[in-house]
Structure formats: C-alpha cells, structure tokens
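Survey of secondary and tertiary structure
Given next are the chains, with one letter for each unit.
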Amino acid sequence: MRNPVYYEDVSPGHGTLQPRSWTAGSDARRLDLSGEWDFRLSPTARPDDEAFTEDGFDPAAAPGWRSVRVPGHWVLQGHGEPAYTNTRYPFPVDPPRVPDENPTGDHRHVFDLPADWPGDGEVVLRFEGVESCARVWLNGRVLGDFQGSRLPHEFAVGGLLRPHGNVLAVRVHQWSAGSYLEDQDMWWLPGIFREVTLQHRPEGALDDFWVHAGYDHTDGSGLLRVDCPQRARLTVPELGVDLASGEDLRLPVEPWTAETPRLYDAVLSTGSEAVSLRIGFRTVTVEDGVLRVNGGRVLFRGVNRHEFHPETGRTVDAETMRRDLVLMKRHNINAVRTSHYPPHPAFLDLCDELGLWVIDECDLETHGFTHVDWRGNPVDDERWTPALVDRARRMVERDKNHPSIVVWSLGNECGSGKGLGEMARWIRDRDPSRPLHYENDPDYPDSDLHSMMYARQSKVDEIGRAGATRKPFILCEYAHAMGNGPGGLTEYQRLFEKYEHCQGGFVWEWTDHGLPRRTADGRDFFAYGGDFGEPVHDGNFVCDGLVFPDRTPSPGLVEYKKVVEPVRITGDGTARTVRVRNLHDFADLSALALEWSYEVEGEPLGGGRLPLPHVPAGGHADLELPAPPRTDVAGEAQWTVRAVLAGDTAWAPEGHCVAWAQLPAVPAAPTTAPASGAQVAPRRDGSSLTLGPASFDAVTGALTRLGAVPVEGLRLDVWRAPTDNDEGAPWKPGSGPGTAWRRLGLHRMRHRVDAVECDDAGLTVRTRVAPAASDLALRAVYRWTATDELLRLDVSVDPEGTWEVPLPRLGVRLALPGAYDRVRWFGGGPGEAYPDTRAASLVGRWEESVDGLQTPYVRPQENGARADVRWARLTDAAGGGLRVAAGTAYFWLTARRWTSEHLDAAAHTTDLVPDDRVYVNLDHGQHGIGSASCGPGVLQRHKLMVSTARFGFTFSAVAGDEG
Ligand code: GAL
C-alpha cells in the first residue's frame, strides 16, 4: 500500500491546533489577511512544484500567475468554472482517491506585521473556511494540511513570523478525501472562501472558554458558570456579576428566547486577554417527547439556509447575513437549520442578537454513495471516523457559546453507520445540554429528535395521532420551494399546531443559488447547473429557495409568512367580533398593535386601532369591531384586521405587519346575466357578426373585437407551462403530473368548431377540444349574449371519456394588442396565488403592469395568477381597453406578453421575448402546486380533476377618458 498523499488521506489533517471557541470579541491583536493574493490555477495537484512557497519566488516573473480575492472562490473570479450536482459526485467514486484532474489553486500572500505587533506570546494563523483541502507554508516552512471546508483550522506560527515580508503560501485542491464527506446539494466552489487571520495569543490568553448560561423557568433564575483552562473572571455589569471561572452562580435574569432575544453584555478576562461576549440565558430540554426551551414547547417555523451570495458564492459578507436574517424575521420565520455545514460564525452572533432558533449542522454529507448502493460509505468505514469526529469537534468547539443554537446536527444524508455513532458519542459527552439531530427512523440511536424530510401531511398527521414518544418530531426539510410554490403549507402548519410533539419544520430552502450571467446581447439572467459546460449536473435543482438569488422574496416566502404568522385573527365581520390568538411560544402581544380598516368594493373607507389587552403566549382575546363607517357606496364590504409592530425592532420598523385577516361584512351581490329586456340580438354584417359591443367572425364564431379593442383567439385553454413541482422529482419520473400532461398532449390541444348558431338572444359556438392520438375530449360550448354595453360569455365544458389526469388549468385565453398592458383588478393580490398557495392573497384593489405581474422564476414556468378576481381592466396608456367581470364564480387572472407554450419552452428568463400581444387567461380552475419537485404532490382537494364545468364572464369596453 502506498502512503496516501495528504489530499487523499482520510485523516483530518496534520499540524493544526486543537479547536476552540470563536472569539470575535477578543481584545488580542489580530491581522486580517484578506485582499488580493497572487494566484495560479493548475489542472492537477502539482506535488512536484513547490517553488512558490519560497521567499525568493516572484509570481510576476513566473508563468500562469494572476491574482485572486481572498476570501473568495477562484471559479467565481474567472479562473475555471463552477459546477453543480445534487447527489452525484462529479468524479469517480473510489474513496479516498480523487482524479488526476484536480484543479489546484496556489495562493501566495506577502505581508508585514504592523509596527506595534506584540512580541510576546504565540501567534496563530487561522483559516475560517477553505474548500476542500489546503497545505500551508509560512516563510518557506510547511505548517501542515487540513480538510473540512466549512470549519476553522489554526496553526501556531509565532516562531516563524518576521516583521516584514512574511510569505504565506496556501495550496488548495478542489478535490480531496474530504470531498467524499462534502456532497451537499450545491455548487462545487473551491477556494479560500472565508477569512484568513493572524491572531496574537498573549501569554496567559484564553485558550478556550465555555459560558454555560441556563435558565430555570420555575423560579426565573439564571444559572451561570464559565469553564476555561485558565483562571479567568466573568463580569456582567448589568447584573452586577463578577464571577471566577469554574464557579456557579444563580441569579434572577430575563431569559433568552428566539422571540425575546435578551442578551447581556459580558467580559471574560484572564488579565492578559479580555473577550467581550453576549450571554443569553436559556435551557433546552426534551421532556416527555417534547422539545422545550425554558420549559416552554417551541414550534419551529424554520428554513434551511445554505451560505450563498450570487456574486461571491459561499463567501457571504456581514451585510448579506444580516439581510437574510432581517428578511426571515420579517416573514415570521423563527428557526434556521444551517444546511448542511456550520455557517460563518458571525451569522450565529446575528442569530443570537435578532432571535432565531438554530440547528447547527456539521459539515457532512455522503449522499453520492447512494449511487453505488452505499458501498464504501465513509460513515460506515472506521478509517474515516477520526475525520468525522474531528468535524464534530470543530463545529461544537467553535459554536458552543451561542444561545441561539438549541440543537446540534450530525450532518445530512449520510445513510447510517458507526462513524455517526462516534460523532454522537463525542458530542453528547462534550455537550449534554443540547439535543442531537440526525434525520432517520424514530428509534435511530444517534438522534434525540425524530426527524424526517418531505413527509406528506398525512404522515405528519399519523405521527401526531400516534401520540408523543420519547422523541419530538420535526421535518428537517419539507415544502420544496423550487420555482412556483411550495404548495400545501397551511395543511402542515395546522398539524404542527395540533400535535404538541410535532414541532414544526424547515422549508427547503432559503435561497435560489442562481449565478448571474449575461447573454451575448447584454441581458442579465441567473444561470444554473449545466450552464457551465458541466458533463454531470442537476440543472435548476439548485434554484429552490424562498428568495431569488438577489434576495427578492418569492411568492413562496410571502405565503410562508402568512401561514406561520404567530398571531391568528379570526372573527365574524357581520357580527363585528374578532378573536386574536397568540401563537407565540413565549412572548405576549405587547409588541403589537391591532389595526382595522373597512373596505367597500375594495376601497378603504376608514380605519383605526383596536385596543389590545394583555394576551400571554398561547392565550387569546375577544374584541369587538367598531360600527362600520357610514357610506352611500353599495357593494361587497369587508374588514381587514392587522397585527402590526407597535414600535421599531432590530428587524423591522413600527407598523410592520405581522399577521392579518379579512372578515367579510357584506357579501358581494350575485351577478346575473344581462336582463333579458335589455338584451340585444346579433346582427350579421357581411362576414362578421355584431353582438352588443362586440364583433365576431360569422363563420368561426370567434370574437374579434370588443369596443375599440381587437381581440384574438378567445377559446378554451387547459395548458400551463409546468412548474418545477408539476414536473416532479428528476429521480422519481411521474411524481408530478407534468409527464402525464405531456404524454396526453395537453400542451397541443386541437380545437374543432362544430357549430356557430345565431338566435335572437345571442350566439352559440359549439366546439370539441381534444389532444391528438386520444379519444378523450372536452366539449366546450361558448354562449354569447349582450346588451348594448355588456358582452356576456357563458362557457360550458363537458368531458368525453375517462380522464385520469387532472387539468393544469381550465378557462379561456385571449390575446390583446400589446398596448393593453396596464392591469387593475379587484380580487386577490398583490402577488400570485394558486389553489394551495393562496393564504397570502389579500382581497383588494390592485394595479400592476403586465410586466409587473410576472414572477421571474429562475427557470421560467407558470406564474403570476391572481386569485378570486371579481373584475379586472386591461387598458392602454390612454386608459382605454376592456373590463372583464366574474360570472357566478370569481376567476383566476393571468396576463403576460408571451404564451404558455413560449413560457414552457424557455430555459432562462432571457428566453422570454415579448411579442406584440398581451395574452390573458381567465381561469375557472387551476391545479394546485404541491411540492413534488422533491416532496409530496398536490393534495386531493387542490387537484383540478376533470368534470362538467360551467363558468362565465362579462366583458365591456373601457373608454380612454374613464381612467
Ligand atoms: C434533500 C437534501 C437537500 C436538498 C433537497 C432537495 O434531500 O437534504 O440538501 O438536496 O433534498 O433540494
């Protein structure tokens, strides 16, 4: 057996120091080595060429040397390309060997010590994150090598430093033995992607410390102790605490929770080093199968968060971290699983500060072994155990002082094996104060939680009904937020609220990982897997977040916010009663104010505040709405009641809406067909027919004009550009309905006009709409009637044959000239909604351009429908156009500058090129969205099954001066 080279060595590395706590607040000197470094990319590991590590080496005079920004990934800086795979290793599975094609980045940085750099003590060179393996030299001497990309590694370098011209050389290999442990579903992005610092360790410095700050909810006391290898004192001025290390103290405190992130400033000092800290008192327990913090049951309204920035990959700046958390807090998210590796440590400081429950997950995933029947899985091969335990240690030691971290996670999708058991043993021994997580069966010994991913709602219900066992139940991943969706969130949330031991879940995932690119003609889009010539890739599966790559919230996030709102408002708008339920786990409602408004036909007529009494967590208050404002305006009326922030918080200003509800007060008047007396008869005029404000082709029965507006192609439409969830999971063909839709040919329906019949009361067009090669059909009859002003369409649809697949949509589509691109509507908005993603759809009057109605999913797909539309107007710049009002049932409105077929054919947003029309879909029904791109499909009640349908619309012309 040959001796392995270090990058193919299963050991965690050589020459590094013991891991210790993150100490951002230390007063010891540090030197940030970030900046432009000399850089050379080689296609192979180049063990024979180490000249660049030497003092006299001159990159400017050597071939191939350029520069790279540290921290950063070289593939995002013009050296090589990024690559995306989900589970497949993009190299042969032959652990721990890696291919000869092993992109290797030689980094070289020359630095001086500041003039006042202390001469005593030790100095450590610290790497916060390097992917995937590094060998390090300082001033020509090799320090060692390490693996474990998203974990810190330190070397003692004091004896090697000189005041000027220190030469730091780092050779980074994209592939190493460690790559087998890092098969997370994300871009492969090599490089020194987190900071490199030099840290002075004065004589008598704190080698490590652990502040234990528990909370006894039975008497409101905090339990404080700090452990460190040195003698040190902890002072907490606000509490009057001055405590020696190793001593216990019990004192009254306010507890830390994600809802009330109370932190106390403290200083831990040895005399030669002082570290500023922020202490949060809290105690995590699992009692009777329920996860509790400070005695209270917690409900995770969580997300999985990868570290991602569209420009810089996993190099995430502080501002982006804060922005992510602020956005989460504003959307009622209270928990983060750091999928699937420890984040930048500063992110955890922010979680402490802003208040998020954190599951800190180790940098570990071996999912690619599933493609070889798990043969050779490192977590079940003891040669790898030291590396696994090393990863667990580096995470726990670095992050142990964060109150926000309530659970440790071993990693993700590694199957099972003894190595995980060793990690679990080490973590439990080191930190008995936090439960351990790993997704597996309920009786899996190496997890204190029963954790599943993508279980369907009925499974959660079953687990709920079975009653609490030893382990709290969570969904570490659910609701796959890929493209349009996820659907079905409401149904999950009700189950989490119903069963105490079903403690919520973490939506997969926070952000789309699209990389910005530009077309040859200068248009910007987000690229995904396969756009970089990768021979093995998983396409747009890397874009499955609640926010777009630039952090614009997607409709899925808006929906999630509504579904998980921590205050539930219900009531009876006619009786003017409101119930406000406090769904927080800890906080009362004193941070909130309650506002009402009263709207008639969607126009607010008045508003005010409702006094909100003290409502403890879990409690409720019954309130009365005032008398509605007097009005002469008749029509549908409703109350909108909002719980808003009563004052500024660290994450949102006063007035930010946390929760809302709409309570109908006066129902809409039923719409009826134009009164028969006023009805007009069709008039034949050559090849055309006139009916009220409309013209038709007398032969085909097609509507050609309404008032001044030319109309084209109004007919039944059942097709939508399949969403990622319609398409289903790539590894489970047929898991979404998209495959069946295409197989049946719903994207190429044929329309046959069987009869165009005129009578005194109107026009009837009988058609048969059907796919090729099938005898299934929809008989569609369009019945047109009119008054002088109004044109009424009644559509009846009767299926022929046995339809086994649901329809994507059912309604009519028409095309208008492109100038009619302004939309006003009364109905659900402002954003899109589908049958199972409609919780956040707020009934009101909305206005938007056709372009503004589009949701720019990274891979184009069906989007933009507005729910419950009572009426809509599409007008041009002069205000002229048409109005369409609902018949007996509200409709779904979609308008875009391209057809569904065009949308379906597009791979990137830049493939969508407007033509000179606006295509309008008026839908009676839409199929739900579900989560089948990775999880369960659409619930039965949200499926659009084929059956007889009757629906209608009333059209009228809008004159330009009506505005
Ligand atoms: C899970 C996995 C995640 C991600 C997700 C699909 O199985 O843990 O990392 O791949 O599926 O997007």
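Residues numbered from 1 in each chain as written. Predicted model: local features only at pLDDT ≥ 70, side-chain atom pairs only at ≥ 80, totals over all residues. Heavy atoms only, no water.

Here the focus is the overall build of the chain. Summing up its helical and strand segments, the chain has 10 helices and 61 strands in all. Rg of the C-alpha trace for the chain: 32 Å, near the compact-globule value of 30 Å for 963 residues, within the 12% margin. Seen through its principal axes, the chain has C-alpha atoms that stretch 100 × 65 × 55 Å. In the chain, which comprises 963 residues, the share counted as buried stands at 61%. Across the chain, every contact between residues at least 6 apart in sequence was considered, and the portion connecting residues at least 24 apart equals 73%. Per element, the accessible surface of the chain, about 35,200 Å² overall, is 50% carbon and sulfur. Separation of charge centres in the chain, based on 101 positive and 138 negative side chains, amounts to 3 Å. (Helix = DSSP H or I, 4+ residues; strand = E, 2+ residues; numbered from the N terminus. Rg over C-alpha atoms; globule rule 2.2 N^0.38 Å. Buried < 20%, exposed > 50% of the residue type's maximum accessible area, 1.4 Å probe, protein only. Contact = heavy atoms within 4.5 Å. Areas by Shrake-Rupley, 256 points an atom, 1.4 Å probe, with all protein chains shown as cover. Lys, Arg positive; Asp, Glu negative; His and termini not counted. Charge placed at Lys NZ, Arg CZ, Asp CG, Glu CD.)

Sheet architecture is open: four strands sit in the order S2-S15-S7-S11, paired in antiparallel fashion. Since the sheet does not close on itself, it has two edges, and those belong to strand S2 (30-32) and strand S11 (153-156), each with one partner. Strand after strand, the sheet turns through a mean of 20 degrees between neighbouring axes, direction not considered. Of the strand pairs in this sheet, strand S7 (residues 122-127) and strand S15 (residues 196-201) are connected by six bridges, and their pairing is antiparallel. Within S15, the residue paired with Val124 across the bridge is Gln199. (Pairing = 2+ DSSP bridges. Axes fitted to C-alpha atoms, helices over the stretch in contact; angles between N-to-C directions.)

So, about the site of the ligand. Close contacts around the ligand come from 13 residues, with Asp185, His340, Glu413, Glu477 and His480 the closest. Side-chain polar atom of Glu477 to an oxygen atom of the ligand: 2.6 Å apart, as the coordinates give it. The separation between an oxygen atom of the ligand and a polar side-chain atom of Asp544 is 2.9 Å. A total of 300 Å² of accessible area belongs to the ligand in isolation, and the protein chains cover 95% of it. (Near = heavy atom within 4 Å. Polar contact = N/O pair within 3.5 Å; in protein donor to acceptor, adjacent residues only side chain to side chain.)

This part covers the pairing of strand S3 (residues 35-42). Of the strand pairs in this sheet, S3 and strand S4 (residues 65-70) are connected by six bridges, and their pairing is antiparallel. Within S4, the position partnered with Phe39 by the bridge is Arg66. Here five bridges tie S3 to strand S6 (residues 104-111), and the two strands are oriented antiparallel to one another. In the strand pairing of S6, Leu41 is matched with Gly105.

One turn of the α-helix equals 3.6 residues, which is why residues spaced by three or four share an orientation. In terms of residue burial, helix H7 (residues 555-563) counts as a mostly covered element, since seven of its nine residues are buried. Of all the positions in H7, only Gly556, Leu557, Glu559, Tyr560, Lys561, Lys562 and Val563 are classed as buried.

Once that is clear, we can look at the packing of aromatic side chains. This model, assessed by the stated rule, comprises 39 aromatic pairs. Ring geometry for Tyr180 against Trp384: centres 6.4 Å apart, planes inclined by 70 degrees, an arrangement best described as edge-to-face. Of this pair, Tyr180 sits in the loop between strand S12 (166-173) and strand S13 (186-188) while Trp384 sits in the loop between strand S28 (357-361) and helix H3 (385-399), and the two are 204 residues apart along the sequence. The pair formed by Tyr180 and Trp384 is uniform in burial state, with each residue classed as buried. Aromatic pair Trp596 and Trp639: ring centres 5.5 Å apart, planes at 70 degrees, arrangement edge-to-face. Within this pair, whereas Trp596 is found in strand S38 (residues 592-600), its partner Trp639 is found in strand S41 (residues 637-645), the two being separated by 43 residues in sequence. One exposure class covers both Trp596 and Trp639, and it is buried. Through successive ring pairs, a cluster of aromatic residues spans Tyr89, Phe91, Trp175, Tyr180, Trp188, Phe369 and Trp384. Arg150 extends its terminal NZ or CZ atom over the ring of Tyr341, reaching a point 5.1 Å from the ring centre. Against the face of Phe826 rests Arg870, its NZ or CZ located 5.3 Å from the ring centre. (Phe/Tyr/Trp six-rings, centres within 6.5 Å; stacked < 30°, edge-to-face > 60°. Lys NZ or Arg CZ within 6 Å of the ring centre and 35° of its normal.)

Val303, Leu325, Leu420, Ile427, Tyr478, Val507 and Tyr560 are the most contacted members of the largest nonpolar core, which has 103 residues in total. Among the elements that make up this core, the one with the highest residue count is H3 (six residues). Beyond its immediate chain neighbours, meaning those up to four positions away, Val303 contacts Met328, Ile333, Ala335, Val336, Arg337, Phe506, Val507, Trp510, Leu546 and Tyr560. Within the second largest apolar cluster, 68 residues are counted, among which are Leu31, Val170, Leu263 and Tyr454. (Core = buried A, V, L, I, M, F, W, Y, C linked by side-chain atoms within 4.5 Å.)

Remember that the coordinates give geometry; whether it matters functionally is a separate question.
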